[in-house]
Structures are given as structure tokens and as C-alpha cells.
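Structural description and commentary
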Amino acid sequence: MLSLSRTLVQGLLALLPFQHLHQPSTMADLDPTTQTNYKQVSTENVAFEWLVDFDTKIISGSATHTLKIKEDEPKEVIFDTLDLDIQEATVAGNNATFELKPKHEVMGSALHISLPSGLKEGSTTTVTITYKTSKHSTALQWLAKEQTQGKRFPFLFSQCQPIYARSLAPLQDTPSNKITYDAKVTSVLPALLSAIRASPPADGPAHDGKEIGKDLVTYTYRQPVPIPSYLLAIAVGDLRYRPFPQFEDKQWKTGVWAEPEGIEQAYWEFSEDTARFLAEEEKVVSEYRFGVYDLLVLPPSFPYGGMENACLTFLTPTLVTGDRALVDVVVHELTHSWFGNGITHAHASHFWLNEGWTTYMERLLQEYLHSPAVRGFQYIIGEKALKDSLRGYEKTPKYQRLIIDFEYGEDPDVAYSSIPYEKGANLILHLERTVGGLDVFVPYIRDYVKTFSGKSITTWEWKDHLYTWFEKNGGAEKIKALDSVDWNAWFYGEGIDLPVKMEYDSTLAKEAYGLAGRWDAARSVEDVGRLHFSESDVEKMDTNQIIAFLERLSTYSALPSNLTTHLGTVYKLSSTPNAEIRFRFYEIALADPSSPAAQTFADEAAKWVVGNDDTGIIKGRMKFCRPTFRGIAKVNKTLAIDTFKPNKSAFHPIAGQDLGLAKHDA
């Protein structure tokens, strides 16, 4: 019998009429990044008991799983682990036989625990695993006190997405299976988790009034809403809390955590807008389900702009600019409460469902909060990031797709880019326009959330629901409109162009684009003193407009060195504390690696990215550090390596990958 490749089958399926477009369960359901048997036995709840030891950089304790039996007489339960020291296992309180299988390079070591006979479908049992993490835990970053803002106490934080929760605890580490959890965490420093704190109270004395850094305190948490394992999160350090003003008609609460040296700045930056954003999203979608929505401003090595951990969004300190210019990042992270945390992708191949929907909804909220022009402007800014990502995968075009056919055991982090965000958001925007606009589309969104909230789904389930809803609420006309969409091109298309030429409201971009055109036209002028550029050109622009100006300028051929230097000086781009702007200036400055300006600014960029400059803060966010190191390496690889090597421990292990430096050098 002929054997068709999985990719070919997917392509053929995408060409079929929608009513036949159902991915076979053997293809659609199985997560290619887990070694567990979650289809036979699945975790419903985990109770963690942890001791955090900063001296050994280890978390020790236990994880008690409440298991649901999905088929009669399962012989074992299998958990994902990565660099864990498994010490003991019990089933229903009795010692159990366990085996830790050889380590897979990506998926880690499968932990097999024998189950007693007689277990029937629908029944439950408990498994307790006693274990320790290791110093090599990918999910955990332990910071020395010198790497924190206060420089008085060490710090710990986690990053479990996409498949690193297994290095924090033995788990069925797949978004296909959602869990509730309870935790008791004992530490000499305040501990935060992605859950609701039961004790001591968040608004009480720091560390329950005990001596920070010396006395052990046990922190108790409960997460009653089922979440995927990648949303497990812990942060431990010298942290303080300030609640935001609350809405009287809301049951949820919001606030911010930060080191004491930065808590006032963080409070000012986010207090005015966070609760307002959350309340506005409720109007558009549905009620917020998680009870608490707090922000945590992390030390600068955090590799993302934000991470939507349940109840506790992690944020990069690069967002604290003193002018609230970047606060809209919070809109993206809180939107994940519905799209990602609420409706979750079944596995990495369908990751776009999380980020595409969240990016689309974030921009829709910008329209409601501000104007349609702001929404369109966000798509224009995102277009550059999308093009850059698509070009970056020209040699591995499968990662240009919206649905990526990951092989079993393939690392999903190699495909991390703007593509699922921007390509996904553009697909949904295209659907909105195809079916008749927001008046028609928003009611569908609400039903989508109502139907799938709390579930993990594939693209095929989403698409079937889309067709079903519009068949009931529009009939043949809407089905004909949906059938006009080139689904195969959107899902599996490669190359640097979207299947449809998208048009956006460019009102806010015109001034920025006009300025970029003036600079491009000035490249023939050797004496910059004859040019009529001044700081007033950008005085009335907000951060996003300056970003648009720089991104448009970067699409032209590299500027001559004298013009590049003048650009950095006249608008103070080479010294701005705003990382979003400075990063984009360095992209322009390093565009021609052979130019004198690139040689000069490579040295400045190297100092900036590791915090050896006026900011004093490393740029650990992958959005900044990866492209900056790559750009420096093209100009002077030795400089890039010599800059990274002594600062390697300051960056998160995830961010340290794929910097464009040879592994043996860095």
C-alpha cells in the first residue's frame, strides 16, 4: 500500500470543500513534542510542595498528580521530564515501580510509573513523585544578586513555554491536557506563582513580615481554572506589590509586582491602563475567568516582551519607559486570558491559534480604545516583523507556514518567530472582511470563545466551528464567502508574501513614511550641514510612529555612513533609553557591515545589548538581543563573541540560542 507523507496529506485535505476538511484523528490529535500517554491516563490536578534553595540552585519537593483513567486497565502512566532527579514514586500511597528512560535531545526522559491492575475507565487515582530539579533546568533562570535591580538578593524566574515545564516538574507536558494545580512553596524570599495566592496575603507585609533573605516562609497558591502546563510559572525574589485602582462592579483584582527599587516606576507605568484594558476586553468578548490579573516586572534577562502566565503576566523591564509609550503590550498579554489560556492550541503545529487570534484581538481592542487608524497602524508595524521572519526562514520554508508539520521530537522553539502572530492575525482580519465586517464577525468571536473556552483545539476544529456558525448565521451566502478563501495558501503557503494583498489604514503612517522618504532622498548630500533635519521632525510623533519611520527607512538601501551618524545624532536615536527605538536604529546603522558607520555603531550596540552603557541594563529580550548580536557578528564576529561570552550567564538559556555565533566560539 502506498504511503503518503503527512505534509502531502495535509495539503490535499486543505483543497477539499470545508465539509470534508477534517484532519484524521491520528494526525490531528497527537502532540509530537510529548512522550506521555495522556490519551490513556491524564492528569486533572497537581499538588506541588517545593523548597527553593538559592545556594544549590535547586527546587526540591514533590508533585502529586490526580489522574483520570481514560481506558480500562492501563499498565502505566508516563510523564515528561527533563534533567530531573527522580527519587521516589507512589501510587495511591503505595510504593510504585518506576523507570526513567534514556534522554531524548528535545523531549527529555520519559518517566514510566507502573499502575496497579483493576483501574477502570472513568476512575481516578493519585501518583506522588518526589524529585529535584537540576542546575541545567531549561525552565529556570537563577540570577545572582548583581543581576537584579536592587543587587541585594538573588532572583529566580521560570519560562515554561513551549515545552520546558518538564524541567520544573514531572508532567504530561502538552497543551492538549489542561490541569488545575495547588502549591506550597517555601523560600527565604517572596514567591509568586501563576495562581491565586491563599496565604500570606499579597497586600500584607512583604514576606509575611519575616526577614527577607533569611527566614523561611511558606506561600500557598491555588489555580482553580484548568491551564496548559506551559503556563506553570514561578518567580522568587525581593518583590513588592502595589494594587491598582479597582472597578467597583468587577470581582477581579489587578496590581503590579516588582523589586522595591522599581515598584513606584512600574506602578506609574501600568496603573492607569491595566484595569481599563481588561474591562474593555470583557465588553468585546466575555467575563475574565481567572480572578486576579497581576503584572510582574522581571529583571532584564527575561527573554520575551511578556509572558501570559495565568493570573500573573511576566513583563520585560524594557516596557518601563517613563512615558507609558509601550504599555499597550499589556493588551496583548491580557488578551491571552481568552485566546491561549482559555482556548488553547492542541500542540505546536497549531500555535498560530494562540498568537494569531491574540494579535488580531489586541488590535481590535486598539480600535475600540483609540481609533480604526491605530488598529491599521499596528498591522503596518507588524508587516515589517512578518517580512523579516519570513525571509529568515527562506532556507527552511516549512517554518514559513501557518500550520507547521513538526516531526515527532522536533524542537518547536526553532520555529519561534513573528509568523504565527502576524500571518495568523492577517488571516483572521481577512476573514472579518470576507464575511462582511465587524458587525457580523464580533458575534462569531463571542460564540467561538463560548464554545471552546477551557478546551484545547486544532485548526480543523476551529475551522469547522467557523463554517458551522456562519452556516447558521448567514446561510449559503456566508459559506460561499468562506469558500472563496484560499485555505491551502494560508495554512501551508511558503514564501515572503501573504496569499492576499492586505490593505491597512495608513493615516498614522503617512507622516512617518514621508520623513523616511526625505532621508532616503538625502543620501546624495555629502555635507550633512546642508540638510534641513531637526529634532522637531519627530517631536509630535509617538513611539509607534518613530518605529514606523525607522522600519520604512530600513527597507531602503543602506544609508551612507555620514547620514547614518547624522540620523543617530539629530533625533538622539543612538542614546534614547527606549529600547524599541534604539534597537531599530542599530538595525539601520549595521545594515552595511563594511561601512565605517557600522564599525562604529557595532561597538556601541555591543555595549548597549549587554548593559555596558548609559542604560546599565542588559537587553535580554530575544526580540532585541538575537538580531543585535547577529548584526554585530556580520560587522565584527570577534566583537560579537567577545561581548557575549563574558555576559552569557546574564541571558536566559533560550535567548542564548541561535545568536548567529558559532557554538564552539560562544
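Residues numbered from 1 in each chain as written. Predicted model: local features only at pLDDT ≥ 70, side-chain atom pairs only at ≥ 80, totals over all residues. Heavy atoms only, no water.

A closer look at unusual backbone geometry
- Cis geometry marks the peptide bond from Gln161 to Pro162; its omega dihedral reads 5°.
- Tracing the sequence through the fold places Pro162 in the loop between strand E10 (155-158) and strand E11 (179-187).
- Residues Ser199 and Pro200 are joined by a peptide bond in cis, for which omega reads -15°.
- When you line up the elements, Pro200 lands in the loop between strand E13 (196-199) and strand E14 (217-227).
- One non-glycine residue with positive phi stands out, namely Lys57, at about 55°.
- Here Lys57 is to be found in the loop between strand E1 (41-53) and strand E2 (58-69). (Helix = DSSP H or I, 4+ residues; strand = E, 2+ residues; numbered from the N terminus.)

Let's talk about the pattern of salt bridges
- Taken as a whole, this structure holds 32 salt bridges when the rule is applied.
- Notably, a salt bridge pairs Asp80 with Arg166, separated by 3.8 Å at the nearest N-O pair. In this pair, Asp80 is assigned in strand E3 (residues 76-81) and Arg166 in the loop between E10 and E11, connecting sequence segments 86 residues apart. Across the pair, exposure class does not vary: Asp80 and Arg166 are buried alike.
- Each member of the salt-bridge network shares a partner with another, and the members are Glu551, Glu580, Arg584, Arg621 and Lys623. (Salt bridge = Lys/Arg side-chain N within 4 Å of Asp/Glu carboxyl O. Buried < 20%, exposed > 50% of the residue type's maximum accessible area, 1.4 Å probe, protein only.)

Quick word on the UniProt feature "binding site: a peptide" (unreviewed entry) in the protein
- Taken from the UniProt record, the annotation "binding site: a peptide" (unreviewed entry) applies to Gln159, Cys160, Gln161, Pro303, Tyr304, Gly305, Gly306, Met307, Glu308, Arg621, Met622 and Lys623.
- The topology assignment puts Tyr304 in the loop between strand E18 (292-297) and strand E19 (306-307).
- The class for Tyr304 is buried, based on a relative accessible area of 7%. (UniProt positions renumbered as here; feature names shortened; annotations may be inferred.)

Description of the packing of aromatic side chains
- Going through the model one piece at a time under the given rule, you end up with 47 aromatic pairs.
- Between Phe247 and Trp252, the aromatic rings sit 6.1 Å apart at their centres with planes inclined by 40°, giving tilted as the arrangement.
- Take Trp252: its relative accessible area is 5%, and that puts it in the buried class.
- Chaining the aromatic ring pairs together yields one cluster made of Phe339, Trp357, Tyr360, Phe441, Tyr444, Tyr448, Phe452, Trp469 and Phe470.
- Here the guanidinium or amino end of Arg242 rests over the ring plane of Tyr267, the centre of that ring lying 3.7 Å away.
- Over the aromatic face of Phe290 sits the side chain of Arg289, whose NZ or CZ is 5.9 Å from the ring centroid. (Phe/Tyr/Trp six-rings, centres within 6.5 Å; stacked < 30°, edge-to-face > 60°. Lys NZ or Arg CZ within 6 Å of the ring centre and 35° of its normal.)

Digging into the sheet that holds E18
- The mixed open sheet is built from five strands, whose spatial order is E16-E17-E18-E20-E19. This sheet does not close on itself; its edge strands, each paired only once, are strand E16 (240-243) and E19.
- In this structure, E18 lies alongside strand E20 (residues 312-315), joined through four bridges in parallel fashion. The residue of E20 that forms the bridge with Leu295 is Thr313.
- Lying on the sheet, helix H3 (residues 263-271) is in contact with E16, strand E17 (253-258), E18 and E20; it crosses E17 at an angle near 145°. (Pairing = 2+ DSSP bridges. Contact = heavy atoms within 4.5 Å. Axes fitted to C-alpha atoms, helices over the stretch in contact; angles between N-to-C directions.)

Regarding helix H16 (residues 561-570)
- H16 sits mainly inside the fold: seven of its ten residues count as buried.
- Ser561, Leu563, Thr564, His566, Leu567, Gly568 and Val570 are the residues of H16 that are buried.
- Looking at the buried positions of H16, the neighbouring elements they touch are helix H13 (510-521), helix H15 (543-554), helix H17 (579-589) and helix H18 (596-609).

Side note on the nonpolar core
- With 217 residues, the main nonpolar core has Trp357, Tyr360 and Trp462 as its most contacted residues.
- Every residue in contact with Tyr360, bar those within four places of it in the chain, is listed here: Arg375, Tyr379, Ala425, Ile428, Leu429, Glu432, Leu438, Phe441 and Ile445. (Core = buried A, V, L, I, M, F, W, Y, C linked by side-chain atoms within 4.5 Å.)

Points about the sheet that holds strand E6 (residues 98-100)
- Taken in spatial order, the three strands make up an open sheet running E3-E7-E6, and their pairing is antiparallel. Edge strands, defined here as strands with exactly one partner in the open sheet, are E3 and E6. The average undirected angle you get between the axes of adjacent strands in this sheet is 15°.
- Across six bridges, E3 lies against strand E7 (residues 109-114) in antiparallel orientation. Bridging across to E7, Thr81 finds its partner in Ser109.

Some words on the side chain of Lys619
- Along the polypeptide, Lys619 turns up in the loop between H18 and helix H19 (622-635).
- Buried and without a salt bridge, Lys619 has Asp613 as its closest oppositely charged side chain, separated by 4.3 Å.
- Engagement of the side chain of Lys619 in a polar contact is seen with the backbone oxygen of Ile617, the distance being 2.4 Å.
- Non-local contacts of Lys619, meaning those with residues more than four positions away in its chain, are made with Pro300, Trp608, Val609, Gly611, Asp613, Phe624, Cys625 and Phe651. (Lys, Arg positive; Asp, Glu negative; His and termini not counted. Polar contact = N/O pair within 3.5 Å; in protein donor to acceptor, adjacent residues only side chain to side chain.)

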